[in-house]
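Observations on chain architecture
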Amino acid sequence: MPHVSQHVAVALARHIDQVFGLMGNGNAHFLDAILRHTSASFTAVRHEAGAVVAADAHYRASGRIAAATTTYGAGFTNTLTALAEAAQARVPLVLIVGDEPTSGPRPWDVDQIAIASAVGVRTYTAGRLDAAASTVIAIEHALSYRVPVVLAIPYDVPTLEAGEVPPTPPLHLPQPQEPSPATRAAIARVAEALAGAERPLLLAGRGAHLAGARTALGALADATGAITASTALGRGVFPDPRHDLGVTGGFGAPGAMELIREADVAVVLGASLSPFTMRFGELFSPGTRVAQVDVAPTATHPRVGEFLQGDVRVIAEHLVRALDGATPSGWRESVDLAPLRVQDPGERTAADGRLDPRSAAARIGELLPEDRIVVSDGGHFIAWANMYWPVASPERMIMVGTAYQSIGLGFPSVAGAVQAAPSATVVLTTGDGGGLMALADLETAVRTAGGRGMCVVWNDGAYGAEVNLYGLKGLAEEPMLIPDVDFAALGAAVAAEGVVVRDLADLEHLARWTARPVEERPFLLLDLRVSRSVIAPYQREVIRVNS
């Protein structure tokens, strides 16, 4: 007779085909049911945080929700940083965990529902009579609100007989709504401003990508003659790269950022205008008229003068219709954007004799496989991939950790991205500090990706962001420094090809690796010995604000 765990597994697998996790007492029966009674794939990780990270990265790379699973207690609490990141980044996933028995907590149990709530995550509990229904509701909640949810299975419930698994209805998810009368009036005002603009700019973010607004954004750019740009999480969302400045904010090229300040009307679509995107208030000139389109209840930055609440695709389509007959400004045809997108090439080596990360990043960008997904840990080094490694579309640059300002989530991201995009090469960029923190799942990255995966470790012997901010203020640097670590040897220990890179010539290993057939090459780990004296532009902005 099917039991509760089988009900959860079967109901889950009707909507989710990827499960990442680590087995323990609290989820053993659920995992057995996933493997015996469903076609869902299970990928093992080595640290519970990695289960959530992999599910998170899978959604960001594919748009398809995935599940994570751990045991109760310490297994659950080990997921909290990754769970908080998913909540902050608005990433839907389902975390299936064990929990205290229905009879009450044991001496080692903690209040998991309260803990999850503290990081903004709701918990559903599976019971004997409603396990399948609760599973479907949890998935609906995650997808409807774009948030992670916890599905708890109390310790005395998993093997209770529950009858045949009932049929489950299709998911009922909210659909984009037509604009309200107030929003329609705002659309007319913004369309009038765009029609009269001499230097219109469109800036789009991840929200535009999630709304499927790419075609509508292209039509809006054509109708207005606007120059386009994106946030770090929205890169590639505009279909015509000829008139696109690339990423805004601290990752943007200096010439491109100067041009943005010339815009007289800027429409921001599906971007929250974070301090980093806004260059801490310096992105737009004081005279730029700024409108924002977003599903948020109100404008997300004081610079916004006109707020249009709603689905980005729907409102962009309304704007295009409102502009019918308008004459494009011609601004984008009058400016040669190519030289404005050029980043500082850096030097071959820095003054201390170690690699200049700018020149290393530029050379790596030239050598990487074209069909790639870049996954990034958090840390000072995030600038180099964002500045020098172009990607084709928003789901091809994944930054797990930036929403919660965390590090140490890099290696398990590879597992999620690999399952999401089976044909692409997954490229992890991480620092020595975050790499050491996530070391448990180095083996996971190598095992799951094989020749479709590689990692670049920006090894500067320090927690770079802290050195740049607090070391420059005169604080003791000892806690900020890391003794030299041989990441190449660590990679080799788990069957990767590890290469120490001290000179640009050493990057020919990458050229040879890229040229080899995927099935014949191992996972590649490049241990870049870079200088910590080269400070990324975005970090200089942080220093300026905090000085």
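Report follows, based on the coordinates. (Residues numbered from 1 in each chain as written. Predicted model: local features only at pLDDT ≥ 70, side-chain atom pairs only at ≥ 80, totals over all residues. Heavy atoms only, no water.)

Take the overall build of the protein chain next. When its secondary structure is counted, the protein chain shows 22 helices and 18 strands. Here the protein chain has a C-alpha radius of gyration of 24 Å; the compact-globule value for 547 residues is 24 Å, and the two agree. Overall, the C-alpha framework of the protein chain stretches about 70 × 65 × 50 Å when taken along its three principal axes. By the burial criterion, 57% of the 547 residues in the protein chain qualify as buried. Of the contacts made within the protein chain by residues no fewer than 6 positions apart, 78% connect residues no fewer than 24 positions apart. In the protein chain, which carries 42 positive and 57 negative side-chain charges, the distance between the mean positions of the two groups comes to 3 Å. (Helix = DSSP H or I, 4+ residues; strand = E, 2+ residues; numbered from the N terminus. Rg over C-alpha atoms; globule rule 2.2 N^0.38 Å. Buried < 20%, exposed > 50% of the residue type's maximum accessible area, 1.4 Å probe, protein only. Contact = heavy atoms within 4.5 Å. Lys, Arg positive; Asp, Glu negative; His and termini not counted. Charge placed at Lys NZ, Arg CZ, Asp CG, Glu CD.)

This part takes up the packing of aromatic side chains. Two measures describe an aromatic ring pair: the distance that separates the ring centres and the angle between the ring planes. All told, the structure shown has five aromatic pairs when counted by the stated rule. Centre to centre, the rings of Phe-276 and Phe-280 are 5.5 Å apart; their planes meet at 75 degrees, and the pair counts as edge-to-face. Under the relative-accessibility criterion, Phe-276 is labelled partly exposed at 34%. Ring centres of Trp-389 and Trp-458 lie 6.3 Å apart, and the angle between their planes is 35 degrees; this geometry places the pair in the tilted category. Pair noted here: Trp-389 is in the loop between helix H15 (382-388) and strand E14 (397-399) and Trp-458 is in strand E16 (residues 453-459), with a separation of 69 residues, a long-range link. There is no split in this pair, since Trp-389 and Trp-458 are both buried. Here the aromatic cluster, defined as three or more aromatic residues joined through ring pairs, consists of Phe-251, Phe-276, Phe-280 and Tyr-538. A cation over a ring is seen here: Arg-106 above Tyr-155, with NZ or CZ 4.6 Å from the ring centre. The ring of Trp-513 has Arg-521 lying over it, and the distance from NZ or CZ to the ring centre is 3.8 Å. (Phe/Tyr/Trp six-rings, centres within 6.5 Å; stacked < 30°, edge-to-face > 60°. Lys NZ or Arg CZ within 6 Å of the ring centre and 35° of its normal.)

Judged by pairing direction, the sheet is parallel, and its six strands sit side by side in the order E14-E13-E15-E16-E18-E17 without closing on themselves. Each having just a single partner strand, E14 and strand E17 (497-501) make up the two edges of the open sheet. The sheet shows a mean angle of 15 degrees between the axes of neighbouring strands, taken without regard to direction. (Pairing = 2+ DSSP bridges. Axes fitted to C-alpha atoms, helices over the stretch in contact; angles between N-to-C directions.)

Along the chain, Gly-249 falls in the loop between strand E9 (244-247) and helix H11 (254-260). Separated by 32 residues in sequence, Gly-249 and Gly-281 have C-alpha atoms that sit 9.8 Å apart. Not counting residues within four places of it along the chain, the set of residues in contact with Gly-249 comprises Met-257, Phe-276, Thr-277, Arg-279 and Leu-283.

Moving on: the pairing of strand E4 (residues 93-99). With seven of seven residues buried, E4 is to be regarded as a mostly interior element. Here E4 shows no split at all, with Leu-93, Leu-95, Val-97 and Asp-99 on one side and Val-94, Ile-96 and Gly-98 on the other all buried. Relative to E4, strand E3 (residues 67-70) runs parallel, the two sharing four bridges. Residue pairing in the sheet places Thr-70 in a bridge with Val-97 of E4. In this sheet, strand E6 (residues 148-154) lies alongside E4 in parallel orientation, the contact comprising seven bridges. The residue bridging Val-94 from the neighbouring strand is Val-149, located in E6.

This next bit is on the pattern of salt bridges. Enumeration according to the criterion identifies 22 salt bridges in this entry. Put simply, Arg-516 and Glu-497 hold a salt bridge, and the shortest N to O gap is 3.9 Å. Taken together, the residues Arg-516 in the loop between helix H21 (508-515) and strand E18 (524-529) and Glu-497 in strand E17 connect sequence positions 19 residues apart. Judged by relative accessible area, which is 34%, Arg-516 ranks as partly exposed. Take Glu-497: its relative accessible area is 24%, and that puts it in the partly exposed class. Connected through salt bridges with shared partners, the residues Arg-46, Glu-443 and Arg-447 form a single ionic network. (Salt bridge = Lys/Arg side-chain N within 4 Å of Asp/Glu carboxyl O.)

The strand order across the open sheet built from six strands is E9-E8-E7-E10-E11-E12, with neighbouring strands paired in parallel fashion. For this open sheet the edge positions go to E9 and strand E12 (306-309), each flanked by a neighbour on one side alone. Strand-to-strand twist across the sheet, computed as the mean angle between neighbouring axes with direction ignored, equals 15 degrees. Where strand E7 (residues 200-204) lies against strand E8 (residues 227-230), four bridges are found, and the strand directions are parallel. Paired with Leu-203 across the strands is Ala-229, a residue of E8. Helix H10 (residues 214-224) contacts E7, E8 and strand E10 (265-269) of the sheet and is inclined by roughly 170 degrees relative to E7.

This part covers the pairing of E7. Here E7 lies mainly inside the structure; five of its five residues are buried. On E7, burial covers both faces: Pro-200, Leu-202 and Ala-204 on one face and Leu-201 and Leu-203 on the other are all buried.

A few words now on the nonpolar core. Grouped burial of nonpolar side chains is what soluble globular proteins tend to show. Counting residues in hydrophobic clusters, the biggest one holds 55 residues, and the most contacted among them are Leu-95, Val-150, Ile-373, Val-375, Val-414 and Phe-523. At nine residues, the largest contribution of residues to this core is made by helix H3 (residues 48-62). Core analysis: the next-biggest nonpolar cluster, separate from the first, contains 40 residues, Ala-383, Ala-385, Val-499 and Tyr-538 among them. (Core = buried A, V, L, I, M, F, W, Y, C linked by side-chain atoms within 4.5 Å.)

The subject of this paragraph is the packing of helix H19 (residues 464-471) against helix H22 (residues 537-546). One can describe the packing of H19 onto H22 by two numbers: an axis separation of 10 Å at closest approach and a directional angle of 35 degrees. Between H19 and H22 lies a crossing whose hand is right-handed. Contacts between H19 and H22 involve Ala-465, Asn-468 and Leu-469 from the first element and Gln-539, Val-542, Ile-543 and Asn-546 from the second. (Left-handed = near helix turned anticlockwise from the far one by under 90°.)

Of note, Leu-93 is situated in strand E4. Using a relative accessible area of 0% as the deciding quantity, one classes Leu-93 as buried. Sequence spacing of Leu-93 and Arg-146 is 53 residues, and the spatial spacing of their C-alpha atoms is 8.3 Å. Discounting chain neighbours no more than four positions away, the residues touching Leu-93 are Val-52, Ala-55, Asp-56, Ile-65, Ala-66, Ala-86, Ala-142, Val-147, Pro-148 and Val-149.

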